[in-house]
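Coordinate inspection notes
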Amino acid sequence: MAFLNMFNREKEEPTAVTADDRLSLVLSYQRSDIDEKKLKQFRARLIELCDDFGYDVVGHVEVIPQSKERTTIINASIPVRLKEPL
């Protein structure tokens, strides 16, 4: 019976339909540290850019710096939703 169910099974929704809308950004900064003020400005600018490109930010924007040797990797995670047409 399991063999027959394999062909009649409902198809799962594609990942693109069920996934969260989230933009991710990874940048490399050639300094070992980054000022907290700059990180706040960076976060604010990311939100502005999302707005400029037609996205609403729908949650907390995470900007996480990670230092490695003499470089800082900046990882940003931005939950978004496409703006509704007017």
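Whatever comes next refers back to the structure up there.
This report concerns the structure included in the present document. One numbering rule holds for all chains: residues counted from 1, following each sequence as written. Selection of residues for local features in this predicted model requires a pLDDT of at least 70, selection of side-chain atom pairs for listing and counting requires 80 or more, and totals for whole chains, interfaces and linings are taken over all residues. Only hydrogens and water are removed before side-chain values are computed, so all heavy atoms of the structure are retained for them.

Bringing the nonpolar core into the picture now. Only buried residues count toward a nonpolar core. Its members are Ala, Val, Leu, Ile, Met, Phe, Trp, Tyr and Cys residues joined through side-chain atoms within 4.5 Å. Partly exposed residues are those whose accessible area sits between 20% and 50% of the maximum for their type, while under 20% is buried and over 50% is exposed, using a 1.4 Å probe and protein chains only. Counting residues in hydrophobic clusters, the biggest one holds 9 residues: L39, L46, C50, V61, V63, I74, A76, I78 and V80. Within the residue set of this core, elements represented by two or more residues are α3 (36-52) and β4 (71-82). Looking at this core, the element that brings in the most residues is β4, giving 4 residues. Secondary structure counts use DSSP, requiring at least four H or I residues in a row for a helix and at least two E residues in a row for a strand, with both numbered from the N terminus.

Remember that side chains alternate between the two faces of the sheet whenever the strand is regular. Alignment of strand β3 (residues 62-68) against β4, held across 7 bridges, turns out to be antiparallel. In the sheet register, S67 faces β4, and the bridge partner there is T72. DSSP calls a pair of strands paired once it identifies at least 2 bridges connecting them. Linking two consecutive strands that pair antiparallel, namely β3 and β4, is a turn of 2 residues; a positive phi of about 50° is found at E69 within it.

On to unusual backbone geometry, then. Excluding glycine, residues mostly have negative phi values, and the peptide bonds linking residues are mostly trans. Positioned with a positive phi, E69 is a non-glycine residue whose angle comes to about 50°. Tracing the chain through its elements places E69 in the loop between β3 and β4.

Right, let's talk about the side chain of T72 for a bit. Note that T72 resides in strand β4. According to the relative accessible area criterion, T72 is buried, its value standing at 1%. Any two residues whose heavy atoms approach within 4.5 Å at even a single point are treated as in contact. Aside from chain neighbours lying at most four places away, what touches T72 is L27, S28, Y29, R31, S32, D33, I34, P65, Q66 and S67.

Structural measurements only, silent on function.
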